[in-house]
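Remarks on the overall topology
What follows is the residue order along each chain.
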Amino acid sequence: MGNGSDGGERPVAISDTELLRRIGQDLRSIYAEVIRQPLPQRIQATLALIDREQRLPEQLPRALPH
């Protein structure tokens, strides 16, 4: 048990950096199709509304200092 005598290969130790790199590659691969899909119309409309509301203070005339 755990000594490799059962014919299985022992796992190769890899660094945390390499492990994180591989996980990142796998996630990018899995989600690549999702990222390419267009946003649903309702979400696009909500994001546009948020964007307009955030820009509103920039568009208002500034009061002159007294």
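Attention here is on the structure that accompanies the text. (Residues numbered from 1 in each chain as written. Predicted model: local features only at pLDDT ≥ 70, side-chain atom pairs only at ≥ 80, totals over all residues. Heavy atoms only, no water.)

Examining the overall build of the chain
Along the chain, the regular secondary structure elements total 2 helices and 0 strands. In the chain, buried positions account for 2% of the 66 residues. As displayed, the chain offers around 6900 Å² of accessible surface, 58% of which is attributable to carbon and sulfur atoms. (Helix = DSSP H or I, 4+ residues; strand = E, 2+ residues; numbered from the N terminus. Buried < 20%, exposed > 50% of the residue type's maximum accessible area, 1.4 Å probe, protein only. Areas by Shrake-Rupley, 256 points an atom, 1.4 Å probe, with all protein chains shown as cover.)

Focus on the pattern of salt bridges
Counted by the stated rule, this structure contains 4 salt bridges. For Glu18, the salt bridge is made with Arg21, and the minimal N-O distance between the two is 2.5 Å. You can see Glu18 and its partner Arg21 sitting in helix α1 (residues 16-36), 3 residues apart, about one turn around the helix. A relative accessible area of 22% means that Glu18 is categorised as partly exposed. (Salt bridge = Lys/Arg side-chain N within 4 Å of Asp/Glu carboxyl O.)

A closer look at α1
Taking 1.5 Å of rise per residue, the 21 residues of α1 would be expected to cover 30 Å, and the 30 Å separating its terminal C-alpha atoms lies within 8% of that figure. At Ile30, α1 is deflected by roughly 40 degrees, the largest bend along its length. (Expected span 1.5 Å × (residues − 1). Bend = angle between axes of the 7 residues up to and from the residue.)

Read these as spatial facts, not as claims about activity.
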